[in-house]
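Per-entry structural report
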Amino acid sequence: MPRPSVLRAALAGLVALGAVVTGATTPSAAAAAEDPDPLVVHLDEIDPTVPRRGDIRISGTVTNTSDDTFTRVNMHAFASQSPILDSLTNAAAIPTTADVGGRVTVPGTFDTIDTLAPGETAQFSDSVPVDLLGIPDEAGVYWIGVHALGDGAVPRDLVADGRARTFIPVLPRGDVGLDASFVLPVRNRVWYDAEGRIGGTERWLRRLSDGGTLDGVLDTADAAGTTPYTWLVDPAVLLAITRLSLGNPERSLAPDPTVPGQEPTEEPSPPESEEPAPVQLDPAVPTDGEVDPEVAPVAEAASAWLTRFRTLVGSGSVLALPFGDLDVSAAVRQSPERYTQALTRSTEAMADLQVPATLAVAPSGGRLSPEAIAATPEDVQIILGDSAFAIPPQTTTSVVRLLGHEALLTSTGAESGGPGPTDPLDPLALRQRVLSEAALRIARDDRAPLVVTLPTTWRDQDAASFFDGLEQPWLDTIPATWVAARRATGVNASNLAYETLDVDEELPATGFAAADRADDAATLLEQVLTLQTTLEQQVGDEVLVTLSEQHRQSPRRARVAADRVDDSLRADLGRITIEVPTRVTLSGDSGGLGATLVNGLDQPVSVGIGIVTDGEVTLTGDSVRDLGPRARSVVRFKATTTQAGIHPVRMRVTSVDGVALGSSEELPIRAARVSALIWVVMAAGALVLFGMIGYRLPGQIRARRAELRAGEHRAAAEPTSEPTAEPAPEPAPEQAPEQARSTSSDTAMGQV
């Protein structure tokens, strides 16, 4: 199903075609419209306005795109004899094969190319007297162009084999003049990868190199020379280019060196050269000066672009978009705090770049919802296209006031460019459209300044032709900020043309939900890190660019990008793990156990252990720990229970505030209710033991004493004059086995 923007464009085209009143097209012309012209004509130079007398000079190229060779190719100029006084947008929608003016066939007024082979390009130059073109001396806008007629596979006829056309104005006589302002945008889609690096470096290299879109912006600014213009920049693009110039570092968990107490221990050595150091928007991103050879080309291109940009900006007029070119209408509807965040971040980024700027909201489609207009702060400049209203407001200053806010109006008609078959935004086509729109305003006595947002795809030589032709004595170019400061005309907000199709084009709520999840993960990781970092700001930048209106055509890709950031941060949190015993057995009502916290990050963290039990067992202990980089720490707990059995316990790593980080383990605790019986048995055994000792010990002592006395009597009765041999001891009477065991037991008790 076509997107709403496509449907609206098709609808506008049908309306425009229906509004065109023109002569009937010949059958041969209708047939030609079905197939592309074999010869492609491009206008390189043309007089910007119709002179009162003299000649009009037209030059360009013609290319043979067919498989046939063309000979005697005549390049005839043509022009209309009646002015276009209503809408140039309607006129530009007229089919390219329509007859809008007669050719000049007078010899000497057209150039002839003898032979044009397949794929060959030739230059032409015509000089045609104004009188022969038939353009009257009447203020307005006229058609002018060139038809190519030659001999090819089809013999020469009256149908052009190639054509190009544009607008040219005739100014009213007298002292006339109009102010015009040009806005030069620097806006581009930005992506981050999972590690926080700028994604798509190959595309960035093409954009920043000669001929790229971002290089073309600087070419346009360079070609403007002394012509004043106003920059409209997305600070997220400048931040991305800055990171690329620094080697595209990844997201950093390093401490913020600007926080007191976290300053680097070593003072950086002063630079050897006197050149200013490269801009670094995030002080926590490590930049040791070493660039990976794989990213060296894009780093060099980014550095050169930044240097050139800062030179061209100078003290010029600069407007800064909400960071990431935020889809403001969607943000106000889905997550209003994102609008505030994007404006604040833009202010910070431009201050870091040391580029004075005024905040501005300028949707690329020119339309803004009423809710977004009402939510915009007073000090933020609103820029709308005149097509944002059902009926373009009548104002003498191009500034209107609605919903309590002032808005600068741009000409969406002039910004749409010239008529086909040439590219509408070709420099010459756009220049002629701008001059013609300005001339129409003068002819209608409408002196409201003409404000135009320029494209960003021109090369240096093309942009030069645009600005050279704008140097007209009746057109005074001034900065857009000067126009915005003029008195506003009040308009009714009900005239805003923000419809259901516009709402459907906004970024969906799923994208904002994904961004919120990534922000929550960054906040949690910041709480876990012991030292203060810039992580939340880094991630804020990464998710804000996923909410850009540049992603309206691919909202799913933007949501996936935000999810990628969230997954990466959750993975970092998951690197802080817990290790627990396989099982724990309690020999009584309580016992000790230990768990180990492991910090897998290269930064210190402060974490705790969260415990979930079945309610029958209780674990107590100080679970909060400060862990150094790659460190481990054992946490001791005391387990207590009054219920026998196996109790499942889950331990998980948490923040100090108890928020789970991801890692968790389960262990079973076994408790047996046998402790009371054990103590009873031990007490009874002790009583029996000491009772037997008390019963037998006195008898043993008396028997021993009697034996000692008997020995003494025998020794006294024996004569002492001669030593006699000691009689052998009498054998002990034989004892029964039971008596022997009892004696051994008694002896053992005595020893105890």
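No experiment lies behind these values; they were computed from the predicted model shown.

Caution applies to low-pLDDT parts of the model: their predicted coordinates are not meant to be read in detail. Across the protein chain, pLDDT averages 85, with 84% of residues at or above 70. Taken together, the stretch residues 1-34 has pLDDT below 50 and engages in 28 contacts with residues farther than four places along the chain or on a different chain. Residue range residues 273-281 is modelled with pLDDT below 50. Its contacts to residues more than four positions away, or to other chains, number 16 contacts.

With that out of the way, let us pick up the packing of aromatic side chains. The full count for this structure, using the stated rule, is six aromatic pairs. With a centroid separation of 5.6 Å and an interplanar angle of 70°, the aromatic rings of Y229 and W231 are classed as edge-to-face. Exposure class is identical for Y229 and W231. Each is buried. Taken together, a centroid distance of 5.2 Å and an interplanar angle of 10° make the contact between W305 and F309 stacked. Taken together, the residues W305 and F309, both in helix α8 (residues 296-313) and four residues apart, mark about one turn of the helix. Taken as a pair, W305 and F309 share a single burial class, namely buried.

The next point concerns the pattern of salt bridges. Enumeration according to the criterion identifies 31 salt bridges in this entry. Note that D222 is salt-bridged to R308, the shortest N-O span being 3.5 Å. Separated by 86 residues along the polypeptide, D222 in helix α6 (residues 213-224) and R308 in helix α8 bring together distant segments of the chain. By relative accessible area, R308 is classed as partly exposed at 24%. Between D519 and R338 there is a salt bridge, and its shortest N-O distance comes to 2.7 Å. Taken together, the residues span a long stretch of sequence, with D519 in helix α17 (residues 509-528) and R338 in helix α10 (residues 336-352) at a distance of 181 residues. When sorted by exposure, D519 lands in the same class as R338, which is buried. By sharing partners, the salt bridges in this structure join D215, D219, D222 and R308 into a single network.

Before going further, it helps to examine the packing of helix α5 (residues 201-208) against α8. Close contact between α5 and α8 brings their axes to 9 Å; oriented N to C, the two are set at 40°. Taken together, the axes of α5 and α8 are oblique relative to one another. The handedness of the crossing between α5 and α8 comes out as left-handed. For the pair α5 and α8, the contacting residues are T201, W204, L205 and L208 in the first and P297, V298, A301, A302 and W305 in the second.

Here the focus is the environment of D426. Mapped onto the elements, D426 comes out in the loop between α12 (412-415) and α13 (427-443). Taking the C-alpha atoms as reference points, D426 and A463, 37 residues apart in sequence, are found 9.4 Å from one another. With sequence-adjacent residues up to four places away left out, D426 is seen in contact with H42, L43 and W458. Polar side-chain contacts of D426 include one of 3.1 Å to the backbone nitrogen of L428.

Before going further, it helps to spend a moment on the packing of α17 against helix α18 (residues 535-544). Packed helix pairs are specified by the crossing angle of their axes together with the interaxial distance, meaning the distance between the axes. At their nearest, the axes of α17 and α18 sit 9 Å apart, and the two run at 170° to each other. Classified by the angle their axes make, α17 and α18 are roughly antiparallel. Counting all contacts with α17, which are made through A515, A518, D519, A522, T523, L525 and E526, the residues of α18 involved are L535, E536, V539, G540 and V543. Taken together, the residues that form the contact of α17 with α18 break down as seven nonpolar, two polar and three charged.

Trans is the prevailing form of peptide bonds, just as negative phi is the prevailing case for residues other than glycine. In this model, G420 is joined to P421 through a cis peptide bond whose omega is 10°. Note on placement: P421 falls in the loop between α12 and α13. Even without a glycine there, the phi angle at R72 is positive, about 50°. Relative to the helices and strands, R72 is located in strand β3 (residues 70-79). Even without being a glycine, D325 presents a positive backbone phi close to 55°. When you line up the elements, D325 lands in the loop between β11 (317-320) and α9 (328-334). Taking the relative accessible area as the measure of exposure, D325 reaches 3% and is therefore buried.

Quick look at the sheet that holds strand β6 (residues 121-129) now. Strand order in the open sheet formed by three strands is β1-β2-β6, and the pairing between neighbours is antiparallel. Strands with a single pairing partner mark the edges of an open sheet, and in this sheet they are β1 (39-46) and β6. The mean angle between the axes of side-by-side strands here comes to 25°, regardless of whether they run parallel or antiparallel. Pairing of strand β2 (residues 55-64) with β6 involves nine bridges; the strand directions are antiparallel. For G60, the partnering residue across the bridge sits in β6 and is F124.

The first and last C-alpha atoms of α6 sit 17 Å apart over twelve residues, in line with the 16 Å expected at 1.5 Å per residue. Judged by how many residues are buried, α6 sits mostly within the fold: ten of twelve residues are covered. Those residues of α6 not exposed but buried are L214, D215, G216, V217, L218, D219, T220, A221, A223 and A224. Just downstream of α6 lies G225, where phi reads positive at about 60°.

Parameters at a glance
- Residues numbered from 1 in each chain as written.
- Predicted model: local features only at pLDDT ≥ 70, side-chain atom pairs only at ≥ 80, totals over all residues.
- Heavy atoms only, no water.
- pLDDT = per-residue confidence, 0-100.
- Contact = heavy atoms within 4.5 Å.
- Phe/Tyr/Trp six-rings, centres within 6.5 Å; stacked < 30°, edge-to-face > 60°.
- Buried < 20%, exposed > 50% of the residue type's maximum accessible area, 1.4 Å probe, protein only.
- Helix = DSSP H or I, 4+ residues; strand = E, 2+ residues; numbered from the N terminus.
- Salt bridge = Lys/Arg side-chain N within 4 Å of Asp/Glu carboxyl O.
- Axes fitted to C-alpha atoms, helices over the stretch in contact; angles between N-to-C directions.
- Parallel < 35°, antiparallel > 145°, perpendicular 65-115°, else oblique.
- Left-handed = near helix turned anticlockwise from the far one by under 90°.
- Polar contact = N/O pair within 3.5 Å; in protein donor to acceptor, adjacent residues only side chain to side chain.
- Nonpolar A, V, L, I, M, F, W, Y, C, P; charged D, E, K, R; others polar.
- Pairing = 2+ DSSP bridges.
- Expected span 1.5 Å × (residues − 1).

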